[in-house]
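If you want the building blocks of each chain, they are given just below.
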Amino acid sequence: MPREAGPDFIEALARGLDVVRCFRPGRPVMTLSEVATATGLARPTVRRILLTLEELGYVRAVGERGFALTPRVLELGMSYVNALSLWDVARPHMQSLVAKTGESTSLSQLDGSDIVYVARVAVPKIVTLAVTIGTRFPAPATSMGKVLLAALTPDELTKLLGEPSRSGITPRWQPPRDELDAALREVRTKGWALADQDLAPGVRSVATGVRNGDGRVVAALNVTVHAAETTVEHLLDHHLPLLLRTAADISHDWSLLDSVPIVT
């Protein structure tokens, strides 16, 4: 739509932000035509913007004609989290999980070969993992990363693992592809993943997937403990059942959110 702006206004940038903002709750995947309708921009313009955003890593192609935002949009601010209402849906469940376990919990999603934290409820500890919203870690070395990687197709996994990590971290566990594939098969069978000091000494966690209304794993939820304080047995026997219940509750609420019509 026409805008009234000063001589320094960059219309191309504004149009790109219009495209990012048109992805709203209930519409995480949109076609080129839907984006053009939502923004009022011409299809050729929308196509160039989407391809540019895809090249930069802010948008990914979905299926034959769809597009969706990626967690890299978090680098521009909190618009990605707000667009999917991740925090609003997950927060009360995560707070309840923390109250029951006495340990921190986080939500993450994939961005290339890394996981990116998109929500977190932390417990103050003398020894803790320095994590904030937007923190990234190499996916294979984390419990949440294993869950998210296990949900990919073989081709998707190969393409993703071909991207170098942008976390700046060298994890303790750097498995060859066959070892990672075996670990991911186990995750698919169990429905959850354990990382026992794979990322760094003292960091132990268990994670499971959070699903949307279509049943797809779209995020991972974890409980993180310090190895000196919590054994693997206690993590799996006590914390894991609570984690699985919490993830199911978040998935249920997310499914309800997906089903709510968007009123304009």
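Residues numbered from 1 in each chain as written. Predicted model: local features only at pLDDT ≥ 70, side-chain atom pairs only at ≥ 80, totals over all residues. Heavy atoms only, no water.

This part takes up the overall build of the chain. Of the regular secondary structure elements, the chain holds nine helices and nine strands. Within the chain, the fraction of its 264 residues that count as buried is 47%. Residue pairs at least 24 apart in sequence account for 57% of intrachain contacts in the chain once pairs closer than 6 positions are excluded. Per element, the accessible surface of the chain, about 13,600 Å² overall, is 55% carbon and sulfur. (Helix = DSSP H or I, 4+ residues; strand = E, 2+ residues; numbered from the N terminus. Buried < 20%, exposed > 50% of the residue type's maximum accessible area, 1.4 Å probe, protein only. Contact = heavy atoms within 4.5 Å. Areas by Shrake-Rupley, 256 points an atom, 1.4 Å probe, with all protein chains shown as cover.)

So, on to the sheet that holds strand E8 (residues 203-211). The strand order E6-E5-E4-E9-E8-E7 describes an open sheet built from six strands, whose pairing is antiparallel. The sheet is open, and its two edges are formed by strand E6 (136-138) and strand E7 (192-196), each paired on a single side. Across the sheet, the axes of successive neighbouring strands diverge by a mean angle of 30°, strand direction being ignored. Across seven bridges, strand E4 (residues 104-111) lies against strand E5 (residues 114-121) in antiparallel orientation. Bridged to Thr-105 within E5 is Val-121. Along the sheet, helix H6 (residues 143-150) contacts E4, E5, E7, E8 and strand E9 (217-226); its crossing angle with E9, the most-contacted strand, is approximately 155°. (Pairing = 2+ DSSP bridges. Axes fitted to C-alpha atoms, helices over the stretch in contact; angles between N-to-C directions.)

This part covers the environment of Thr-70. In this structure, Thr-70 sits in the loop between strand E3 (66-69) and helix H4 (79-84). Separated by ten residues in sequence, Thr-70 and Arg-60 have C-alpha atoms that sit 6.5 Å apart.

Taken in spatial order, the three strands make up an open sheet running E1-E3-E2, and their pairing is antiparallel. Looking at the sheet topology across the chains shown, the edges are occupied by strand E1 (30-31) and strand E2 (59-62). Where E2 and E3 come together, four bridges link them in antiparallel fashion. The residue of E3 that forms the bridge with Arg-60 is Ala-68. Where helix H3 (residues 43-56) meets the sheet, it contacts E2 and E3, and its direction lies at approximately 110° from that of E2.

Here Ser-251 lies in helix H9 (residues 232-259). With a relative accessible area of 14%, Ser-251 lands in the buried category. When neighbours within four sequence positions are excluded, Ser-251 is seen to be in contact with Gly-209, Val-210 and Arg-211.

So, on to the environment of Arg-211. For Arg-211, the position within the fold is in strand E8. The exposure class of Arg-211 is partly exposed, given its relative accessible area of 42%. Taking the C-alpha atoms as reference points, Arg-211 and Ala-248, separated by 37 residues in sequence, lie 8.0 Å from one another. Setting aside its immediate chain neighbours within four residues, Arg-211 contacts Arg-216, Val-217, Val-218, Ser-251 and Trp-254. A polar atom in the side chain of Arg-211 sits 2.7 Å from the backbone oxygen of Gly-215. (Polar contact = N/O pair within 3.5 Å; in protein donor to acceptor, adjacent residues only side chain to side chain.)

With that settled, consider the packing of H6 against helix H8 (residues 177-190). For the pair H6 and H8, interaxial distance at closest approach is 9 Å and the crossing angle is 85°. Of the possible angle classes, the one that applies to H6 and H8 is roughly perpendicular. Contacts from Lys-146, Val-147, Leu-149 and Ala-150 of H6 reach H8 at Leu-184, Val-187 and Arg-188. Looking at the contact of H6 with H8 residue by residue, the class counts come to five nonpolar, no polar and two charged. (Parallel < 35°, antiparallel > 145°, perpendicular 65-115°, else oblique. Nonpolar A, V, L, I, M, F, W, Y, C, P; charged D, E, K, R; others polar.)

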